[in-house]
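Topology and contacts: notes
Chain residues, written in single-letter form:
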Amino acid sequence: MSSHKKGSSQQQSNKPSDRTSSGTGDASGNPDRPPIDRSRILGAEEPQRSLSERVMALLDHQRKHWPMLVEGYESLKTVETRSFEFDGFVMTVQCNPGRIVSSSAKVDDRSIRERRCFLCMDNLPSEQRGVDYGDYILLCNPFPIFRDHLTIAHMRHIPQRIRGAFGPMLDLARGLGERFTLFYNGPRCGASAPDHLHFQAGERGFMPMDIDWERMVDRQGEWVIDDSRLRAARVDDGLRRYVILESGDKAALEDRFERLYRSFAEVTASMGGSRDTGATGSRDTGATGSRDTGTAGSRDTGTAGSRETKATGNVGTEAAGSKATGADGTKDIGAAGSSETGSSVENEGHGITRGNRGDEEPMLNILVSREPDRWRVIVFLRRKHRPDRYFLEGEEKMVFSPAAVDFGGVCILPVRRDFERITAGDLRSMFREVSAGPQVLDEVVRRM
Ligand SMILES: [Zn+2]
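Please read these numbers as outputs of a predicted model, since none were measured by experiment.

Calculation notes
Residues numbered from 1 in each chain as written. Predicted model: local features only at pLDDT ≥ 70, side-chain atom pairs only at ≥ 80, totals over all residues. Helix = DSSP H or I, 4+ residues; strand = E, 2+ residues; numbered from the N terminus. Buried ≥ 20, exposed ≤ 12 C-beta atoms within 10 Å, placed from the backbone. Arc of directions from axis to C-beta. Contact = placed C-beta atoms within 7 Å. Pairing = 2+ DSSP bridges. Axes fitted to C-alpha atoms, helices over the stretch in contact; angles between N-to-C directions. Parallel < 35°, antiparallel > 145°, perpendicular 65-115°, else oblique. Left-handed = near helix turned anticlockwise from the far one by under 90°. Nonpolar A, V, L, I, M, F, W, Y, C, P; charged D, E, K, R; others polar.

**Looking at the overall build of the protein chain**
From N to C terminus, the protein chain includes 10 helices and 14 strands. Across the 448 residues in the protein chain, those meeting the buried criterion constitute 53%.

Now the structure itself:
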């Protein structure tokens, strides 16, 4: 795991001039934006400071003055992790038994309607402060997975949708600089507040994918576009299927992302309900020569190359420290931010979240990081919210509800028993089950 230390990029390359408008319908100056409670905003009197600097000051302040956050970071020291090595990449699993209760939170439509939104300004805990940036407010996540874990909420209570928010996401990534990786969970892909637009960010280098991505393209993928404005790669690493976009040209990136989004929506719509085969299916239906053979609940015993290492206790400053999280009751008491890697229950009967219903966005999770001269965007294509084993009872049950951080290579398991027994084969079969099939990836890339 030595290769997965904190990212080498500590410098803050962003400048105040990065505070550009979003270039989308959500641009700054939106008259619908509610008045901000200025007492909530930290560092507003120092607009010359970069976003990254203001955010680090925020983390510093909140770690001293917000007991809930102090407690959250304290628990990072006791979490346990295990690592699994696959063909060219690493997956870490981690557990925090103190968060077992968190796995039972309800985020179905009704529960969402009836709860007080924990991302709305009016509901934030009294100790919580934020940094404003255009239409967004950056907050400390009180249930941290990362050492520096931010929740970035839109000022208004508008639904979680990436369309129209991708440009602002790029702006935020540029503003935060190389220190952070930003991520987005789709409303049916792990977002615990599907009703309130938000991103999260954590220190770059924590998720193995921050480091592994280039090797993944070399070994298990290919560059499919490479021109002067942008390059794009497709990767099928045997667990996940994803597209990587890289460019320093924001307009080019937005344009290609829109094409990717539309293609994915079309492909999944055209495949209809067969996108996944229902409650039992982790099969890639319709995929000729499907590489997915694992069915849900079956242990994929082909654990090729799954060397395992185990770490316990305080694993210091590296990837180990983390909190098994997930939606939980506590986050709904008005704490801004939730880890989202856990267990938001959507209105799904038995893990069937397939098919596009009306204008719902195609199922995806996104990571965005920033190099000095360009962005890197990794889009994980999904077909299912949760593996079937999540819904089983008894021995086969496993509480694993993957979102962006899990796809980035840090899998959160809130149940200790799951943490102790999970195998590389389990990870492989569950990721395959919730990832888009290889044929979908092929078709999306062909059309985008
Ligand atoms: Zn809200």
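**Considering helix α10 (residues 438-447)**
Within the sequence span of α10, burial applies to Pro438, Val440, Leu441, Val444 and Val445. Down the axis of α10, the smallest arc covering the buried residues is 160 degrees, so these residues share one side. On its buried side, α10 packs onto β8 (221-226), β9 (231-236), β10 (241-247), α6 (250-271) and β13 (374-381).

**Quick word on the pairing of strand β1 (residues 80-85)**
Burial analysis of β1 places five of its six residues in the buried class, the great majority of the element. Relative to strand β2 (residues 90-95), β1 runs antiparallel, the two being bridged by six bridges. Each bridged residue has a counterpart across the sheet, and for arginine 82 the counterpart in β2 is valine 93. Between the antiparallel neighbours β1 and β2 lie four residues, among them glycine 88 with a positive phi of about 95 degrees.

**Observations concerning the packing of α6 against α10**
Two elements in contact, α6 and α10, have axes separated by 8 Å at closest approach and are oriented at 135 degrees. Considering their axes alone, α6 and α10 lie oblique with respect to each other. Judged by the twist between their axes, the crossing of α6 over α10 is right-handed. When α6 is examined against α10, the residues Leu260, Ser263, Phe264, Glu266, Val267 and Thr268 are found in contact with a partner set consisting of Val440, Glu443, Val444 and Arg447. Classifying every residue of the contact of α6 with α10 gives five nonpolar, two polar and three charged.

**What about the environment of aspartate 109?**
Mapped onto the elements of the fold, aspartate 109 is located in helix α3 (residues 109-114). Distance in space between the C-alpha atoms of aspartate 109 and aspartate 195 is 9.2 Å, their sequence separation being 86 residues.

**Overview of the sheet that holds β13**
Spatial strand order, β3-β4-β5-β7-β6-β12-β13-β10-β9-β8: 10 strands in an open sheet with antiparallel pairing. For this open sheet the edge positions go to β3 (130-133) and β8, each flanked by a neighbour on one side alone. Strand-to-strand twist in this sheet, taken as the mean axis angle between neighbours without regard to direction, amounts to 20 degrees. Of the strand pairs in this sheet, strand β12 (residues 364-371) and β13 are connected by eight bridges, and their pairing is antiparallel. Bridge assignment links glutamate 371 to a residue of β13, and that residue is arginine 374.

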